[in-house]
Structures are given as structure tokens and as C-alpha cells.
Amino acid sequence: VQRYAEEGAVGVQHKLRNRKSNRSIDSGRRNRIVELYKSTYLGFGPTLAAEYLLRAEEESVGVETLRHWLIEEGLWQSRRQGARHRQWRERREHWGELVQMDGSEHDWFEGQRPRASLMVMIDDATNWTHAKFFESETTVAAMTVFQEYVGWYGLPRALYVDRDSIYEITRDSTVDGALRDVGPLTQFGRAMETLGVELVLAHSPQAKGRVERRHGVFQDRLVKAMRLKKIQTLEVANQYLDDEFIDDMNERFHVEARSPTDVHRSVPRGMKLEHVLCYQEER
């Protein structure tokens, strides 16, 4: 009121108007970070770029600040979230109660080699993830990544997969099977039955929401990480997954299960996993 009385309408204006904020980042540092993004991290989202700038370049910048800079430079576009396909399904209560498994065929090496398939397993209760590269999604690939998962954590109670021919046979039962009320099983389905793991078949990709979203995370973060490390072979990529990337992924995206009980089971005594997870024929 006193300023208004002395200065008139001008006295009502805030004293910081048209002045630079005390918390603003100087233009030199801004330009340096933007140029670093252009030269090394072009195509990275603001969140991922901010992580790498801090980890690899020791440049600390807020995600939203970086996002605004990239939009101003025409290097990023804001993205709107689309409508959800269906209602969110509540997570299972225990670790090992349900594990989703699926393969993602993608140009993982950005044209440096042919497309490959990343077999991904993710626990429904905790987001705990295991993954391995293969040339394609096959029965052998599914058995191999499952055997590795069991070696690390044990047998899950149930496995949630799509209706691929690896997991489901659509032909009719044989006469003998019909008499015994037993449908035909794939090699993978027979192995799960022997191990006592329930095989749950999804009716749509959206039903496997957690593993489908994990594919998106891998296709963003893993592709860019391998680009920076110049990884161009499946062998080196799998080594990188085991030594570094999966641990970082689980540390970042792991959630606590509602129950602390781990319901993974040990392989039954006297049963060799490699004798079950293989092709079997009656002669």
C-alpha cells in the first residue's frame, strides 16, 4: 500500500519482474548440456538422458528442466498418454506366484546385425525380471530362459504366456488322448506339466500387460545402452544383461510384494531339469 501511494500502479509490480531467477542455470551450462545431448544422447528421453548425464558426465540437471530445453531446441516432443485398454489388474500377492513370459522381436542392434528376439520373464508381484537374447522365439529359447530363471530363483507356481504354438496346440487330441481326456501338449507344455508349473494362456497382448510394458522399457533403455557400449553381437549383449543391465533394471523398477513370502519351489529331488526341459519323443 505504501509503494502504491508513493509510486502509483508501478509500485504494485513484483520487484523480480524481468529479472533472472536466482535459481536459474546459466546459459553456458545450458548450451553445454544441450550440445552433449546432441552429440551423445540424441533420441534419449529426458528421464533417461538426465540419468546418463549424471552417471557418465557428472552433469546434474532436473528432468523437467531438461525436457523444456529439449522441446525449445526441437529435440523432443511432449507425448500424451493414450486411453487405457482395460482396467488395471491387481498384482499377485507373492513373489513366484505368477511369472509372465514373452519374446520381443526387435531391431535391438539398430541395423548392425539381423533382428533378434529378447525372451523376457517378469514376476507379477514384484516386477523382478530376467531376460536373454536369442536369434528367434522358439521352444529351445523358451526352455533355456526358463531353466536359467529356475536356476536363479526356483520354480514359479504359474507361468503366463501367449497362445503361440510353442505353448499351445490347436489340433484335436489323438484317440488315445481323447479316451484319457488329455489334450495334446507342446514340448514346453509337457515340461511344465512334469514340473508342476501351471501354464496360463493369455487371450490378448494386453492381458500380459506387465511383460508388454517391460518390452517397451527394454526397447528404449537397452537399445540405447548397447549403442553407447557399441555392442553388436548376441554373446556380448547377453553378457552385458547378466553382468550389469538386469541388476540395474531390477534395482530401479522392483516393487515390494504385498506378502514377504517367496513361493518359488525347488526342483523335485531326483529330477534333473535338463532331462525335463528338452525334446522328448516316444519310439
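Model, not experiment: these values are computed from the prediction. (Residues numbered from 1 in each chain as written. Predicted model: local features only at pLDDT ≥ 70, side-chain atom pairs only at ≥ 80, totals over all residues. Heavy atoms only, no water.)

With that out of the way, let us pick up the nonpolar core. Residues Leu66, Trp108, Leu118, Phe133, Phe218, Leu222 and Met226 are the most contacted members of the largest nonpolar core, which totals 37 residues. Elements represented by at least two residues in this core include exactly α2 (27-40), α3 (46-57), α4 (63-72), β2 (116-123), β3 (129-134), α8 (209-228) and α9 (234-253). For this core, the element with the highest residue contribution is α9, accounting for seven residues. Counting residues in hydrophobic clusters, the runner-up holds 25 residues, among them Ala141, Phe146, Tyr167 and Leu273. (Core = buried A, V, L, I, M, F, W, Y, C linked by side-chain atoms within 4.5 Å. Buried < 20%, exposed > 50% of the residue type's maximum accessible area, 1.4 Å probe, protein only. Helix = DSSP H or I, 4+ residues; strand = E, 2+ residues; numbered from the N terminus.)

Okay, the confidence of the model for the protein chain next. Overall, the predicted model of the protein chain reaches an average pLDDT of 89, with 90% of residues at or above 70. The secondary-structure element of the protein chain with the lowest mean pLDDT is helix α6 (residues 175-179), recorded at 52, while β3 shows the highest, at 97. (pLDDT = per-residue confidence, 0-100.)

What follows is about α8. With 20 residues, α8 should reach 28 Å at 1.5 Å per residue; the first-to-last C-alpha distance of 29 Å fits that figure. The elements touched by buried residues of α8 are α3, β1 (99-106), β2, β3 and α9. Backbone geometry just downstream of α8 places Lys230 in the positive-phi region, at approximately 55°. (Expected span 1.5 Å × (residues − 1). Contact = heavy atoms within 4.5 Å.)

Applying the stated rule across the entire model yields twelve aromatic pairs. Each member of the aromatic cluster is reached from another via a ring pair, and the members are Trp95, Trp128, Tyr149 and Tyr153. Taking NZ or CZ as reference, Lys224 lies 5.8 Å from the ring centre of Phe44, over its face. (Phe/Tyr/Trp six-rings, centres within 6.5 Å; stacked < 30°, edge-to-face > 60°. Lys NZ or Arg CZ within 6 Å of the ring centre and 35° of its normal.)

In this section: a negative patch on the surface. A cluster of acidic residues, Asp242, Asp243, Asp247, Asp248 and Glu251, forms a negative patch at the surface. Residue Glu251 is classed as exposed on the basis of its relative accessible area of 67%. (Patch = residues over 30% accessible without salt bridge, like charges linked within 9 Å, V, L, I, M, F, W, Y side chains within 5 Å. Areas by Shrake-Rupley, 256 points an atom, 1.4 Å probe, with all protein chains shown as cover. Salt bridge = Lys/Arg side-chain N within 4 Å of Asp/Glu carboxyl O. Lys, Arg positive; Asp, Glu negative; His and termini not counted. Charge placed at Lys NZ, Arg CZ, Asp CG, Glu CD.)

Moving on to the environment of Gln187. With respect to the helices and strands, Gln187 occurs in helix α7 (residues 187-195). In the structure, Gln187 is positioned 18 residues away from Ile169 in sequence and 9.9 Å away in space, judged by C-alpha atoms. Discounting residues that sit within four places of it in the chain, Gln187 has contacts with Thr139, Met143, Cys278, Tyr279 and Gln280. Reaching out from Gln187, the side chain makes a polar contact with the side chain of Arg190 at a distance of 2.7 Å. Within the local environment of Gln187, its side chain forms a polar contact with the backbone oxygen of Gln280, the two atoms lying 2.8 Å apart. (Polar contact = N/O pair within 3.5 Å; in protein donor to acceptor, adjacent residues only side chain to side chain.)

In this section: the side chain of Asp123. Relative to the elements of secondary structure, Asp123 occurs in strand β2. The side chain of Asp123 sits in the buried core without any salt bridge; Arg91 is the nearest counter-charge, 6.9 Å away. Within the structure, the side chain of Asp123 is placed 2.8 Å from the side chain of Thr126, a separation counted as a polar contact.

What the five strands build is an open sheet, ordered β3-β2-β1-β4-β5; its pairing is mixed. Every interior strand has two partners, whereas the edge strands, β3 and β5 (198-201), have only one. Direction aside, neighbouring strands of the sheet carry axes that sit 20° apart on average. Relative to β3, β2 runs antiparallel, the two sharing six bridges. By the bridge assignment, Ile122 is partnered in β3 with Thr129. (Pairing = 2+ DSSP bridges. Axes fitted to C-alpha atoms, helices over the stretch in contact; angles between N-to-C directions.)

This part takes up unusual backbone geometry. The residue Glu58 is not glycine, and still its phi comes out positive at about 55°. Although it is not a glycine, Lys230 sits at a positive phi angle of roughly 55°. Along the chain, Lys230 falls in the loop between α8 and α9. Here Lys230 falls in the exposed class, since its relative accessible area comes to 67%.

Our next topic: the pattern of salt bridges. Evaluation of the coordinates by the stated rule reveals 20 salt bridges. Here Lys38 makes a salt bridge to Glu35, at a shortest N to O gap of 3.6 Å. Taken together, the positions of Lys38 and Glu35, both in helix α2 and three residues apart, correspond to about one turn of that helix. Taking the relative accessible area as the measure of exposure, Glu35 reaches 46% and is therefore partly exposed. With a shortest N-O distance of 2.7 Å, Lys224 and Asp220 are connected by a salt bridge.

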